[in-house]
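A structural walkthrough
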Amino acid sequence: MERTSIEDARIRVELLKNETNAVVKSEWFDVASYSCTEDFEHEMEELLKDTEADYYKIVEFEDIPQELQLSDRLPEEAIDLCNYFCTEEDDENFKEAFFYWVDNYHYSLLGSDIHSLIQRAKDAYIGYYKDTMDFVEETFDSEYPDCPENLRFYINFDLYKRDLMYDYFEVDGHIFKQ
């Protein structure tokens, strides 16, 4: 799953006439401006009345995961994701890591409890490391704080990493517990 700036998510909606399918109006909407699907539906109903259009269709998506791109409605999950990442003070690394975690476990966003998924990802997320060996050495130091510096030269960190990574996985520098 590519990096998604969900906090910047937008959709372009076209309002159309039934008999001709002519576009009466086309407009962009920020997903973060809605607290739930009902808010979006209410605004669409008002626009349909004002423009005398018969129906709407979502025709373009920006910064919304592929599985949440539905032409007939704005899913609650898209709104929840957008609102969470717009309001929470998570570091930028977690925003990217969340989508890697979802993809790694093949979780579906559509139909999921987004807040529960985010919490599970937070629980599994260790952090971002430019080099996995930094994580390995940091973990070793926390597990064996009394290891004398002169003994560290005899430790095969590649073997330690191999065993350690049975309990963790890494995607583009992001480390997670299995």
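Residue position: Thr139 is located in helix H5 (residues 132-143). Judged by relative accessible area, which is 10%, Thr139 ranks as buried. Among the polar contacts listed, one links the side chain of Thr139 to the backbone oxygen of Phe135, at a separation of 2.8 Å. Beyond its immediate chain neighbours, meaning those up to four positions away, Thr139 contacts Tyr160 and Leu164.

Attention now moves to the packing of helix H2 (residues 76-87) against helix H4 (residues 114-124). A pair of packed helices is captured by two measures, namely the crossing angle of their axes and the spacing between those axes. As a packed pair, H2 and H4 sit with axes 9 Å apart at the nearest point and diverge in direction by 45°. In this view, H2 runs oblique relative to H4, as classed from their interaxial angle. On the side of H2, the interface is formed by Glu77, Asp80, Leu81 and Tyr84, while H4 contributes Ile114, His115, Ile118 and Lys122.

Turning our eyes to something else, we now look at H4. Buried within H4 are the following residues: Ile114, Leu117, Ile118, Ala121 and Ala124. Down the axis of H4, the smallest arc covering the buried residues is 125°, so these residues share one side. Where H4 is buried, its residues contact H2, helix H3 (92-104), strand S4 (125-128) and strand S6 (174-177). Between the side-chain oxygen at the start of H4 and the backbone nitrogen of His115 there is a gap of 3.2 Å, and the oxygen is on Asp113.

We now examine helix H7 (residues 157-164). Of the residues making up H7, those classed as buried are Phe157, Tyr160 and Leu164. Seen from one end, H7 has its buried residues packed into an arc of 55°, which puts them on one side. Packing partners of the buried residues in H7 comprise H5, helix H6 (149-152) and strand S5 (168-171). Measuring from the backbone nitrogen of Asp158 back to the side-chain oxygen at the start of H7 gives 3.0 Å, which picks out Asn156 as the cap.

Below, the discussion takes up the environment of Asp63. Structurally, Asp63 can be placed in the loop between strand S3 (55-62) and H2. For the pair Asp63 and Ser116, spaced 53 residues apart in sequence, the C-alpha separation works out to 21 Å.

Look at Asn21: it is not a glycine, yet its phi comes out positive at around 60°. Position of Asn21 among the secondary structure elements: in the loop between strand S1 (10-16) and strand S2 (23-30). Given the relative accessible area of 48%, Asn21 is considered partly exposed. Even without glycine at this site, His106 takes up a positive phi of about 55°. When you line up the elements, His106 lands in the loop between H3 and H4.

Thresholds, definitions, all that
- Residues numbered from 1 in each chain as written.
- Predicted model: local features only at pLDDT ≥ 70, side-chain atom pairs only at ≥ 80, totals over all residues.
- Heavy atoms only, no water.
- Helix = DSSP H or I, 4+ residues; strand = E, 2+ residues; numbered from the N terminus.
- Buried < 20%, exposed > 50% of the residue type's maximum accessible area, 1.4 Å probe, protein only.
- Polar contact = N/O pair within 3.5 Å; in protein donor to acceptor, adjacent residues only side chain to side chain.
- Contact = heavy atoms within 4.5 Å.
- Axes fitted to C-alpha atoms, helices over the stretch in contact; angles between N-to-C directions.
- Parallel < 35°, antiparallel > 145°, perpendicular 65-115°, else oblique.
- Arc of directions from axis to C-beta.

Scope: geometric values only; no functional claims are made or implied.
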